[in-house]
Amino acid sequence: MRVDDLLQLENLALELVWGRPELLRQEVGGVTATDLLDPSEYLRDGEVVLSGLVWWTARGGRQKADRFVAALRNTGAVALLAGVVRHGGVPEEVQRACREQGIVLMAVPAETTFRTITDEIYLRRWGALTASPHSSLPDHVRRGLDRLIREQAEPTEVLDRIAVQLGGLPCALVTASGRTIARSSAAPVQSPATIVRSLRRGERANHPVGEADSPYDGWYLRLPGPLAPPRLLREVAEILRHYRELAAAEQDRRAETTTALIALLDRGDIENPAIATTLEPLGPGPYRIVTAVATSAQPGGTSARSGSAGDASVQPGGMSARPGTTVTTSAQPGGPSVRPGASVAATAAPSGVLLRSGAAVAALSELLAHRTSEPPLVAARGEYAVGVISESAADDLIGRFELVRSCAPDVGLHLGLGSVESVATLRDSLIRADHACRAGAHLNRAVTTAADLTTLAELLAGVPNPVRETFSTQVLGELLDNDPARIELRATLTAFLDHNGSWTRTAEALYLHVNTVHYRIERIEKLTGRDLSRLDDRIDLRAALHARTASPHIPRAC
């Protein structure tokens, strides 16, 4: 877009006050509105400057006009669009300063708002920019962004600069689960659900930043509106990758701290001052331990509450939280950008097979990052991930968990929530979260707390496999043999317990004579040494039957 294009827009009704032909042919690089007497710090090369001339007064007007217009010239501004409302026109001193310093001057009528002008410039400049797929960042812009990063500028400041280069359109840095890491000043606040829907639909407004190690830790430059040139977006994403690397390094440091914290809790060393020091960034407490485990897809999905549709799943041993692990994905539109060579999704794995802890660590880290401004306290613990969060930050944790699960709907992601505890009893929260997570994985539940385990079968689901197997073997004994007679006796025992010890109803259920049921129960009592007329023995046998249904794929302990 050129400066003289503004005069062709009838809805703006701009009047050219002064401007040589060669100046009118200059390219417009952006637009800024200001009424500062010296706006040098806020102007960029190629910009059109909008001003209501609030800074100008009749007293000292010549000096003020010279100072303001000199700031425009020194920063490379291409035109001044001056409002006429405040002074009834454009003061002569301002016109003279623009002529002498070579700045195009246009008058803005009362009926034209600065917002209208800004929108028109953004729209037309963006259209011109996207006309060429080979457009890239100018060298001076790239150098400026590199300088900001070297000076450790906040991502928001960098995004503001990027937004100016992209025609002033708002932009944001977001994650695969819809978390906003940073956004430009003009970018609207969008809910995580809105962002996730855009990602899942494969909208080209979302450009990957860096390479993801799992479906849960993808970063995207989000730029709603007309499409930007691919080359330019790649260059911008490469610049923003610096922040992704910083976040990964910080998360590694936090993981080391969390590992040490969990070790202290395991030992019961509650008085160790390192615990309070580690928890301090989370606030005064109370706290809650959260555990997670990832398994391959379960039959019928990973939970009764299914997540949003997506396109990535994981193979056993497929994901790691850091480079060096392989995650493969089907590259469907809208799916997470996963590192080349790494496979996120194969459906051939047996259901319920445990995946490496990297997937769980990435998912839990992303989940807790939704609820805290500090990098989350998350670390691997065997095949599980363990994290700590303050209770005040736990609001809507389950709702955000569904967004995280939607990043890889073919992965069975299970969450165990510990109880809310003070520092002194935080180990209890860890124990409860461990048990709840194991039980939830076995019961195929997305989120489980210890308080949810209200039946014998649910309670046993969280007991480590070797313990269950030993108990079942000791109680059932020879009944576990797989010859037809023993299988028949186990079926009779199950039916007898299901019907509360009723001989008649058991016989009816099995289509047997009641005497046959009596005979078989006597055989069971002889083989197990149990008396089925006693409640305690019935409970033991029922527990042993439940224990032998454990999935062999769920890990022994957290």
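Nothing here was measured: the structure is a model prediction, and the numbers come from that model.

Peer 1: Quick rundown of the sheet that holds strand β7 (residues 180–183)? Include the residues and the values.
Peer 2: A sheet is described by the order of its strands in space; here four strands give the open sequence β7-β6-β9-β8, paired in antiparallel fashion. The strands lining the two open edges of the sheet, one partner per strand, are β7 and β8 (206–208). If you compare each strand with its neighbour and ignore which way they point, the axes differ by 25° on average. Pairing of strand β6 (residues 172–175) with β7, which is carried by three bridges, proceeds in the antiparallel orientation. Within the sheet, the bridge partner assigned to Ala172 lies in β7 and is Arg183. Its contacts with the sheet put helix α7 (residues 192–200) on β6, β7, β8 and β9 (219–222), and the angle it makes with β9 is roughly 95°. On top of the sheet, helix α8 (residues 230–267) reaches β6, β8 and β9; it is set at about 135° to β9, its chief contact.

Peer 1: I'd like a description of the pattern of salt bridges, backed by residues and values.
Peer 2: For the structure shown, the criterion picks out 25 salt bridges. Among the ionic pairs, Arg405 bridges to Glu402, the shortest N-O distance being 2.9 Å. Taken together, the residues Arg405 and Glu402, both in helix α11 (residues 397–405) and three residues apart, mark about one turn of the helix. Of the two residues examined, Arg405 and Glu402, each falls in the buried class. A salt bridge links Arg445 to Glu458, with the nearest nitrogen and oxygen atoms 2.4 Å apart. Within this pair, whereas Arg445 is found in the loop between α12 (426–443) and β14 (447–449), its partner Glu458 is found in helix α13 (residues 456–461), the two being separated by 13 residues in sequence. In this structure, a network of salt bridges that share partners links the residues Arg530, Arg534, Asp536, Asp537 and Asp540.

Calculation rules
Residues numbered from 1 in each chain as written. Predicted model: local features only at pLDDT ≥ 70, side-chain atom pairs only at ≥ 80, totals over all residues. Heavy atoms only, no water. Pairing = 2+ DSSP bridges. Helix = DSSP H or I, 4+ residues; strand = E, 2+ residues; numbered from the N terminus. Axes fitted to C-alpha atoms, helices over the stretch in contact; angles between N-to-C directions. Contact = heavy atoms within 4.5 Å. Salt bridge = Lys/Arg side-chain N within 4 Å of Asp/Glu carboxyl O. Buried < 20%, exposed > 50% of the residue type's maximum accessible area, 1.4 Å probe, protein only.

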